[in-house]
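# What the coordinates show
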Amino acid sequence: MNDSIAFFSGFGPKDLWFLTQAAWQTLLISVLSISGGTILGIFFGWILSESKVVGAITVGFILDAFRSVPLIIQLVLFYNLFNVIGLAVSPFWAGVTILGVYTSALVANVARGGIEAVGAPMRRAGRSLGMSYLQTMRYVVWPIGLRAVFPSWVGVALGVLKDSALVSVLGHPELLKVARDLITRTQQPLLVLAVAGAFYFALSFPISRYAAHLERKWQS
């Protein structure tokens with residue numbers, strides 16, 4: 001019975017396993033990009049918030065460029081640039097690097113908003129307790145400010161997870177790339193895309209639910 005269904009649809013257990021492996025690649029790309037991009041983004045957000053002139057002229061301009069240029073153009077442009085300058089970078093690491101920098105550009109504005117959400121009186125209160133500037137940032141500004149913008153960061157993370165599909169243009173076998181290959185072979189676009197969409201949902205839904213749980217926990 002199962003063999004007849006697989007023959008009729010052209011989509012069998014092996015194809016499902018290929019999509020599962022591709023979903024793992026998508027998750028790996030997303031985790032590495034979001035983690036690295038978040039760290040860089042917090043640092044850039046601090047520069048934008050605390051170093052007004054330098055941030056506006058240098059970092060701000062660069063981040064605006066990454067936010068303004070479509071991600072697919074950045075992927076193709078920088079991947080080919082790597083090859084031109086002689087850097088042997090695999091499609092996987094090229095995708096992680098470019099997507100990570102793109103993520104940092106998005107997180108920078110989120111982090112800046114969180115830092116600026118902590119008012120001067122609260123900072124002065126930390127300094128009055130004998131804290132240094134770095135201690136005030138670590139124990140006062142970051143915990144309060146980043147918690148305030150956590151929902152925005154979750155939105156960025158979910159967006160990057162879906163944007164990771166664009167890494168397929170580099171030829172890396174992530175979820176969308178494998179789905180397209182299977183569509184070409186099986187001629188079953190609706191079925192393959194439905195399964196791929198289910199994988200994306202399975203990756204995204206737990207993140208949004210866990211984030212909502214954390215927000216409720218912090219508010220209680």
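As the structure is a computational prediction, the values presented were derived from the model and not from experiment. (Residues numbered from 1 in each chain as written. Predicted model: local features only at pLDDT ≥ 70, side-chain atom pairs only at ≥ 80, totals over all residues. Heavy atoms only, no water.)

With that settled, the discussion passes to helix H7 (residues 133-148). Bending of H7 peaks at approximately 45° at the position of Val141, with proline Pro143 no more than four residues after it. Thr136, Met137, Val140, Val141, Trp142 and Gly145 are the residues of H7 that are buried. Turning to H7, the residues buried within the fold contact helix H2 (13-50), helix H5 (91-117) and helix H6 (120-128). (Bend = angle between axes of the 7 residues up to and from the residue. Helix = DSSP H or I, 4+ residues; strand = E, 2+ residues; numbered from the N terminus. Buried < 20%, exposed > 50% of the residue type's maximum accessible area, 1.4 Å probe, protein only. Contact = heavy atoms within 4.5 Å.)

Quick look at the pattern of salt bridges now. Here the structure, examined in full by the defined rule, presents three salt bridges. Residue Asp15 is joined to Arg185 by a salt bridge in which the shortest nitrogen-to-oxygen separation is 2.2 Å. Linking Asp15 in helix H2 with Arg185 in helix H9 (residues 175-186), this pair joins segments that are 170 residues apart in sequence. In this structure, Asp64 engages Arg67 in a salt bridge whose closest nitrogen and oxygen atoms are separated by 2.3 Å. Of this pair, Asp64 and Arg67 both sit in helix H3 (residues 52-68), three residues apart, which is roughly one turn of the helix. Accessibility expressed as a relative area gives 38% for Asp64, which makes it partly exposed. On the accessibility criterion, Arg67 (25% relative accessible area) is partly exposed. (Salt bridge = Lys/Arg side-chain N within 4 Å of Asp/Glu carboxyl O.)

Next up on the list: the UniProt feature "transmembrane region" (unreviewed entry) in the protein. The UniProt entry lists residues 22-48, 99-118, 139-161 and 190-212 under the feature "transmembrane region" (unreviewed entry), expressed in the numbering used here. The span residues 99-118 carries 95% helix and 0% strand; its end-to-end C-alpha distance comes to 29 Å. The distance separating the terminal C-alpha atoms of residues 139-161 is 30 Å; by composition the span is 96% helix and 0% strand. (UniProt positions renumbered as here; feature names shortened; annotations may be inferred.)

With that out of the way, let us pick up the packing of aromatic side chains. Applying the stated criterion across every chain, the model contains six aromatic pairs. Between the aromatic rings of Phe201 and Phe205, the centroid separation amounts to 5.1 Å while the plane-to-plane angle is 25°, which identifies the pairing as stacked. Of the two residues, Phe201 and Phe205 are both situated in helix H10 (residues 189-219); the distance of four residues between them amounts to about one turn of the helix. Owing to a relative accessible area of 39%, Phe205 belongs among the partly exposed residues under this scheme. Of the aromatic side chains, those joined through ring pairs into one cluster are Phe43, Phe44 and Trp46. (Phe/Tyr/Trp six-rings, centres within 6.5 Å; stacked < 30°, edge-to-face > 60°.)

Attention now moves to H5. Because each turn of an α-helix spans 3.6 residues, side chains separated by three or four positions end up pointing in the same direction. Look at H5: 39 Å from first C-alpha to last across 27 residues, which is about the 39 Å you get at 1.5 Å a residue. At Val107, H5 is bent by approximately 30°, the largest bend along its length. (Expected span 1.5 Å × (residues − 1).)

Let us now look at the nonpolar core. Ile29, Leu99 and Leu170 are the most contacted members of the largest nonpolar core, which totals 20 residues. Every element with two or more residues in this core is listed here: H2, helix H4 (71-84), H5 and helix H8 (150-163). Of all the elements, H5 adds the most residues to this core, at eight residues. In contact with Leu170, other than residues within four places in its own chain, are Leu75, Val76, Tyr79, Pro91, Ala94 and Gly95. Within the second largest apolar cluster, 14 residues are counted, among which are Ala23, Ala165, Val195 and Tyr200. (Core = buried A, V, L, I, M, F, W, Y, C linked by side-chain atoms within 4.5 Å.)

Turning next to a nonpolar patch on the surface. A surface patch of nonpolar side chains, amounting to about 450 Å² of accessible area, comprises Val69, Ile72, Ile73, Val76, Leu77 and Val169. Mapping Leu77 onto the fold places it in helix H4. For Leu77, a relative accessible area of 52% gives the class exposed. (Patch = residues over 30% accessible without salt bridge, like charges linked within 9 Å, V, L, I, M, F, W, Y side chains within 5 Å. Areas by Shrake-Rupley, 256 points an atom, 1.4 Å probe, with all protein chains shown as cover.)

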